[in-house]
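Residue strings, one per chain:
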Amino acid sequence: GSRGHGRRHPPVRRILVEPGDGDAAVVAAEIDGALVAAAIAAPRLHHGFDIETWAVLDQAVPRGRDIRIGFEDTLVLPDGRPAPDNASLVAEAALRYGS
């Protein structure tokens, strides 16, 4: 076979870092580290599930990663109280992460 004639695809615009089972913040950091080690420079969007969402975001923001928050991720505020709506999750993230 000839070299350099692999499948062509559009450039990667953003990578979704979506940890599943285990310690989600640790898994997200490991995924991020693997991407750095592989010299993959595409922006990354981190998010989590349930209460672990906040730990995932806590480790992503200092690294300059994009984050996502909303009812599709978690129904609770960082202290475990139920969030009344999506807006309260977004407001909490803005206060917590300064934007």
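Note that the structure is a prediction, hence the values are computed from the model and not measured.

Q: It is not clear to me how the pattern of salt bridges should be interpreted in this structure. Could you clarify?
A: It is possible for side chains of opposite charge to pair when their charged atoms get near one another. In the structure shown here, the tally under the stated rule is 6 salt bridges. Among the ionic pairs, Asp58 bridges to Arg96, the shortest N-O distance being 2.9 Å. Taken together, the positions of Asp58 in helix α2 (residues 52-60) and Arg96 in helix α3 (residues 86-97) put the pair 38 residues apart, joining distant regions of the chain. Asp58 sits in the partly exposed class, given a relative accessible area of 32%. What makes Arg96 partly exposed here is its relative accessible area of 38%. Glu72 serves as the salt-bridge partner of Arg68, at 3.8 Å between the closest nitrogen and oxygen. One connected set of salt bridges, linked through shared partners, spans Asp32, Arg44 and Arg65.

Q: Sorry if this is basic, but what is going on with the nonpolar core here?
A: One recurring pattern in soluble globular proteins: nonpolar side chains tend to sit buried together. The biggest cluster of nonpolar side chains holds 8 residues, and these are Trp54, Leu57, Ile69, Leu77, Ala83, Leu89, Ala93 and Tyr97. Elements that contribute at least two residues to this core include exactly α2 and α3. With 3 residues, α3 is the single largest residue contributor to this core. Sequence-distant contacts of Tyr97, defined by excluding residues within four places in its chain, comprise Trp54, Leu57, Asp58, Val61 and Ile67. Of all hydrophobic cores here, the second largest spans 7 residues; its members include Ile15, Val17, Ala24 and Leu35.

Analysis parameters
- Sequence order as written defines residue numbering, which begins from 1 separately in each chain.
- With the structure being a predicted model, the display of local features is reserved for residues of pLDDT at least 70 and the display and counting of side-chain atom pairs for 80 or more, all residues being used for whole-chain, interface and lining totals.
- Side-chain numbers here rest on the full set of heavy atoms in the structure, without hydrogens or water.
- A carboxyl oxygen of Asp or Glu within 4 Å of a side-chain nitrogen of Lys or Arg is what we treat as a salt bridge.
- Runs of E in the DSSP output that reach at least two residues are strands. Runs of H or I that reach at least four are helices, and both are numbered from the N terminus.
- Each residue is assigned to one of three classes by its accessible area relative to the maximum for its type, calculated with a 1.4 Å probe on protein chains only: buried under 20%, partly exposed between the two thresholds, exposed over 50%.
- Only buried residues count toward a nonpolar core. Its members are Ala, Val, Leu, Ile, Met, Phe, Trp, Tyr and Cys residues joined through side-chain atoms within 4.5 Å.
- The criterion used for residue contact is that any of the two residues' heavy atoms lie within 4.5 Å.

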